[in-house]
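Chain and residue survey
Listed below, chain by chain, are the residues.
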Amino acid sequence: LTADARILVNRARVECQSHKLTVEDPVTLEYITRYIATLKQKYTQSNGRRPFGTSCLIAGFDMDGTPHLYLTDPSGTYTEWQANATGRSAKTVREFLEKHYSDESVSSEEGAIKLVVRALLEVVQSGAKNVEVAIMKPNEPMKMLDVTNLEKIVNEIEKEKEEEAEKKKQK
Amino acid sequence: MALEALHGITRYHSKNEMLRDEMMIPDMENLSNQCQLAIPSIPKGEVNVGEYLVDETGRKIKLNYAHGTTTLGFKFDGGVIMAVDSRATSGQYIGSGNVKKIIEINPYLLGTMAGGAADCTYWERVLAKQCRIYELRNRERISVAAASKLLANMVYQYKGYGLSMGVMIAGWDKKGPGLYYVDNDGNRMPGNAFSVGSGSIYAYGVLDSGYSKDLSDAEAQELGRRAIYHATHRDAYSGGIVRVYHIKEDGWIKISEEDCKDLHYKYADEKSAFS
């Protein structure tokens, strides 16, 4: 439910600034994930309210530059991951990531983007128009991959897939 | 339900609950929430709280806001030195000659006391509780900046109600040695050297003339000690035992506690030996 997500993001934004004001340090990923998860849990245990209908993937860098990825669900639990997915076809994407994620496959920026797009293309109709990719680097603002680059990568992946399929046929 | 909770209306489910809430002593809220004290029903800011204080003959009790004490703290390469005296006065009467004016918030954070002893001890104990809770929740030690900000915000809520404290919060965190001055007006300042109290003027003289960033540990401790001694010598409201603490990367250590009388004779001897 995207409306629920919007409310959560608003509350998280305020909490980030509030934390900066009282503690004079930017939030750690763990803190803001805990805040969002606590918020979600409150709505599972009070009268007259329904839980938030969103699972959130929260990713970013702590002040010292270490990256983190957290997953929260409507019940209010949160867990940390190297790779994960949410949504209707999350299971398929997760299985793909489990098979193909490794430290060396994501050691380069290109490799990581390819892995992510390939994972999505398993469940989404192929086409750069159905996919959005965001890239985060330490101490840099988040960057959305533009459409031309994305199309180039998608085409490369399609070619690689065809080559693999042919190799299998030849065997 | 949710709407009532939002507006702060409590719905009682039985007569007993209602009676219990009405009988609750309104002045004891700080037992369950230490950050909350009973505020006198005097409109804030309109009236000086001191005007209401009279002794049994009706004479006005003068509230001594000058903080009769000397405390000092300074940062240097080897950490933070804190030195304090130990005299407590109410007016011209010496209440005690042995007050512990350095409050150990936790093994790596220290706070000093100047002004109202009860105010300082109480609020620094509440700060210790908040720091520990922060540590448990976030699995890392609280920074000196955050700790001093917690104290400043707690005290700011009572601005104008007559709290009296001029406190220094010092410690060592991820950003290195940290020293902040916090007082009852809500002032909060980071700095390299502070001295607080009626004897601070004398202590600043000695401190500023002997200070440099690259003092050795022993030199820095002696500087703090001397500065407090000189303040106790000239200021009537400072005296007793001179305590020196040193905050290093792994926590604070108590360096010495010496009576200012003994220091007087020791320094006098040194002077005569020198000349």
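Residues numbered from 1 in each chain as written. Chains lettered and ligands numbered in written order. Predicted model: local features only at pLDDT ≥ 70, side-chain atom pairs only at ≥ 80, totals over all residues. Heavy atoms only, no water.

As named in an unreviewed UniProt entry, chain B is Proteasome subunit beta, taken from Halocaridina rubra. Its UniProt record gives chain B a comment under Catalytic activity (unreviewed entry), which states: "Cleavage of peptide bonds with very broad specificity." (UniProt positions renumbered as here; feature names shortened; annotations may be inferred.)

Going by an unreviewed UniProt entry, chain A carries the name Proteasome subunit alpha type-7 and comes from Halocaridina rubra.

Residues and elements named next belong to chain A. Counted residue by residue, strand E2 (residues 67-72) has 5 buried out of 6 residues, so it is predominantly covered. By the bridge criterion, 6 bridges tie strand E1 (residues 56-61) to E2 in an arrangement that is antiparallel. Counted as the bridge partner of Cys56 is Thr72 from E2. Sheet analysis places E2 next to strand E3 (residues 78-80), joined by 3 bridges and oriented antiparallel. Bridged to Tyr70 within E3 is Glu80. Linking two consecutive strands that pair antiparallel, namely E2 and E3, is a turn of 5 residues; a positive phi of about 105 degrees is found at Gly76 within it. (Buried < 20%, exposed > 50% of the residue type's maximum accessible area, 1.4 Å probe, protein only. Helix = DSSP H or I, 4+ residues; strand = E, 2+ residues; numbered from the N terminus. Pairing = 2+ DSSP bridges.)

All names here are of chain B. Where helix H5 (residues 200-210) contacts helix H6 (residues 217-234), the two axes come as close as 7 Å, and the packing angle between them is 150 degrees. Considered as vectors, H5 and H6 are oriented roughly antiparallel to each other. Seen along the crossing, H5 lies across H6 with a hand that is right-handed. Here H5 contributes Tyr202, Ala203, Val206, Leu207 and Gly210 to the contact with H6, which in turn contributes Leu223, Arg226, Ala227, His230, Ala231 and Arg234. The residue inventory of the contact of H5 with H6, partitioned by class, reads 7 nonpolar, 2 polar and 2 charged. (Axes fitted to C-alpha atoms, helices over the stretch in contact; angles between N-to-C directions. Parallel < 35°, antiparallel > 145°, perpendicular 65-115°, else oblique. Left-handed = near helix turned anticlockwise from the far one by under 90°. Contact = heavy atoms within 4.5 Å. Nonpolar A, V, L, I, M, F, W, Y, C, P; charged D, E, K, R; others polar.)

Attention shifts here to the interface of chain A and chain B. Taken together, the contact pairs 10 residues of chain A with 14 residues of chain B. Buried area between chain A and chain B, both sides added, is near 990 Å², and the carbon and sulfur share of it is 43%. Viewed at the interface, chain B and chain A are joined by 4 salt bridges. Among the ionic pairs, Glu30 of chain A bridges to Arg139 of chain B, the shortest N-O distance being 3.4 Å. Taken together, chain A and chain B are joined by 7 residue pairs in polar contact (both at pLDDT 80 or more). Elements that contribute at least two residues to the side of chain A that touches chain B include exactly helix H1 (2-23) and helix H2 (29-42) of chain A. Split into classes, the residues belonging to the side of chain A that touches chain B amount to 3 nonpolar, 2 polar and 5 charged. (Buried area = accessible area lost by both parts, 1.4 Å probe. Salt bridge = Lys/Arg side-chain N within 4 Å of Asp/Glu carboxyl O. Polar contact = N/O pair within 3.5 Å; in protein donor to acceptor, adjacent residues only side chain to side chain.)

Following the criterion strictly, the structure yields 9 aromatic pairs over all chains and no others. An angle of 50 degrees between the planes, with centres 6.1 Å apart, marks the rings of Phe74 of chain B and Phe76 of chain B as tilted. Residue classification places Phe74 of chain B among the buried residues on the basis of a relative accessible area of 0%. Ring centres of Trp123 of chain B and Tyr158 of chain B lie 5.5 Å apart, and the angle between their planes is 45 degrees; this geometry places the pair in the tilted category. Of the two residues, Trp123 of chain B is situated in helix H3 (residues 117-138) and Tyr158 of chain B in the loop between helix H4 (144-156) and strand E7 (166-173); the sequence distance between them amounts to 35 residues. The pair formed by Trp123 of chain B and Tyr158 of chain B is uniform in burial state, with each residue classed as buried. Sitting above the plane of the Tyr43 of chain A ring, Arg49 of chain A keeps its charged end 4.8 Å from the centroid. Just above the ring of Tyr108 of chain B sits the side chain of Arg141 of chain B; from NZ or CZ to the centre is 3.8 Å. (Phe/Tyr/Trp six-rings, centres within 6.5 Å; stacked < 30°, edge-to-face > 60°. Lys NZ or Arg CZ within 6 Å of the ring centre and 35° of its normal.)

Once that is clear, we can look at the pattern of salt bridges. What the rule picks out here adds up to 21 salt bridges over all chains. With a closest N to O distance of 3.0 Å, Arg188 of chain B and Glu24 of chain A form a salt bridge. Pair noted here: Arg188 of chain B is in strand E9 (residues 188-190) and Glu24 of chain A is in the loop between H1 and H2, and the two residues belong to different chains. Between Glu160 of chain A and Lys114 of chain A there is a salt bridge, with the nearest N and O atoms lying 3.4 Å from each other. Of this pair, Glu160 of chain A sits in helix H5 (residues 147-170) while Lys114 of chain A sits in helix H4 (residues 109-121); the two residues are 46 residues apart in sequence, bridging distant segments of the chain. Overall, Lys114 of chain A belongs to the buried group, its relative accessible area being 17%. Because the salt bridges share partners, they merge into one network encompassing Glu222, Arg225, Arg226, Glu258 and Glu270 of chain B.

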